Amino acid sequence: MTRHKNIPFFIPHSGCKNNCVFCSQTKITGFSLPKEDIVSEALRLKATVDEALEYMNGAEAQIGFFGGSFTGIERERMLLLLDTAYGYVKKGAVKGIRLSTRPDYISNEILDILESYGVTDIELGLQSTDEEVLKVSGRGHGREVCFESAALIVDHGFGFGGQMMIGLPCSDREKELRTARDIVSMGATSARIYPTVVFKGTPLYDMAVDGRYTPITNETAADVAAACLRIFREANVEILRIGLHASDELKNAPFGANHPAMGELVYSRIAYEDIREQLAGKETKGKMLKICVPSNRVSAVVGQKGCNKQKLIEEYGFKKVKIYKSLTQEDVGLSIEAED
Ligand code: SF4
């Protein structure tokens, strides 16, 4: 599995004139910034990249502009940030530039600019491809523009990433799986899945408090995210992230999928399902199960607090479950033996 390395640079809520019901960018990114002039901001970007390059191999890394709607910020500011980042691309210090923005902030003109500054990947915060969900969530655009912008990005030759949410108002499992399939059909090379978290001070919080919205639980979020992940995995779409980064704000979010390690929950669920598939029809009662996995998948297979091991014992009657690290880092899959 290829692992993306990013040097992230956050632009909280900048450039965005919308007010999505769930949005609290300061809380999502975990910090707020004082207003600064564009030159200071570009210098801060430079300092961020220089510091990151001290401990990572930049030849495999991308500078990533995340957090707001990058292509919606003031043109002069966007160009200065791009120019600063492009300097690192030109001298081979980093592999490229990726950014996230809204579907309705994409045009041929914008894409030509991004291409000329060495941008390689563009992620769209689609959140859903369901018309009603987009409307009730206050996204300010419809389904059609999601497809149109994705097509423009792909036609220009950029890597396209689709970001989706689970548990938005008026959404359900079926709509979320359809969104994942739509992202695949748009030609995505990467995806992020964000179960909805309800932060205080957002319209969604008010909707949850007065009963107009039922927040998603961690359990349901993990279940649907696992199903979406399978759709992406079958289409070779790389999953860049599941769930928001852990932060105090996330921990203190009153409702929604605020588990600090949502990705782990999902990967451990997928690992369990994979094991179950391989155990189908096998004699298990009273036997020992040996599972051999690459070291980077051990924690997913074990599950949080050993829950997968425990479930295997309870569900299949194994006497013992042992998990071994395989000798290679290649994803060789699970090798399972059941014996006395
Ligand atoms: S488009 Fe993004 S930044 Fe803007 S309000 Fe919505 S979620 Fe927040």
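Everything that follows concerns the structure shown earlier in this document.
Criteria and thresholds
- For every chain, the first residue of its written sequence is number 1, and the numbers climb from 1 along that sequence.
- Under the rules for a predicted model, residues below a pLDDT of 70 receive no local features and side-chain atom pairs below 80 are neither given nor counted, while totals for whole chains, interfaces and linings still include all residues.
- Here the side-chain values reflect all heavy atoms present in the structure, with hydrogen atoms and water set aside.
- To get an axis, fit a line to the C-alpha atoms, keeping to the stretch in contact for a helix; angles then go from 0 to 180 degrees between the N-to-C directions.
- Counting from the N terminus, the helices are DSSP H or I runs at least four residues long and the strands are E runs at least two residues long.
- By definition, any crossing whose near helix is turned counterclockwise from its far helix by less than a right angle is left-handed, and any crossing with a clockwise turn is right-handed.
- Contacts are assigned to residue pairs that have any heavy atoms within 4.5 Å of one another.
- Amino acids outside the nonpolar list (Ala, Val, Leu, Ile, Met, Phe, Trp, Tyr, Cys, Pro) and the charged list (Asp, Glu, Lys, Arg) are all regarded as polar, and Gly is one of them.
- Salt bridge, as used here, is a side-chain nitrogen of Lys or Arg placed within 4 Å of a carboxyl oxygen of Asp or Glu.
- When a residue's accessible area, from a 1.4 Å probe over protein chains only, is under 20% of the maximum for its type it is buried; when over 50% it is exposed; and in between it is partly exposed.
- N or O atoms within 3.5 Å of each other form a polar contact, as long as, within protein, one can give a hydrogen and the other can take it, and as long as residues adjacent in sequence are counted only when both atoms are side-chain atoms.

Caption draft 1: Just the packing of helix 9 (residues 218-234) against helix 11 (residues 262-279), in detail. In the contact formed by helix 9 and helix 11, the axes pass within 9 Å of each other and the chain directions differ by 65 degrees. Here the hand of the crossing between helix 9 and helix 11 comes out right-handed. Contact with helix 9, carried on its side by Asn218, Glu219, Ala221, Ala222, Asp223, Ala225, Ala226, Leu229, Arg230 and Arg233, involves Met262, Leu265, Val266, Tyr267, Arg269, Ile270, Glu273, Asp274 and Glu277 of helix 11 and no other residues of that element. Split into classes, the residues belonging to the contact of helix 9 with helix 11 amount to ten nonpolar, one polar and eight charged.

Caption draft 2: Quick peek at the pattern of salt bridges. Using the criterion set out here, one finds 24 salt bridges in the structure. For lysine 46, the salt bridge is made with aspartate 50, and the minimal N-O distance between the two is 3.5 Å. Of the two residues, lysine 46 and aspartate 50 both sit in helix 2 (residues 38-55), four residues apart, roughly one turn of that helix. Note that arginine 192 is salt-bridged to glutamate 123, the shortest N-O span being 2.6 Å.

Caption draft 3: Quick peek at unusual backbone geometry. A positive phi angle, near 70 degrees, is found at glutamine 127, a position not held by glycine. On the basis of relative accessibility, which here comes to 10%, the residue glutamine 127 falls in the buried class.

Caption draft 4: Inspection of the side chain of aspartate 182 at higher detail. Along the chain, aspartate 182 turns up in helix 7 (residues 173-185). Its relative accessible area of 12% is what places aspartate 182 among the buried residues. Among the polar contacts listed, one links the side chain of aspartate 182 to the side chain of threonine 129, at a separation of 2.6 Å. Setting aside residues up to four positions removed in sequence, aspartate 182 forms contacts with Thr129, Arg143 and Phe147.

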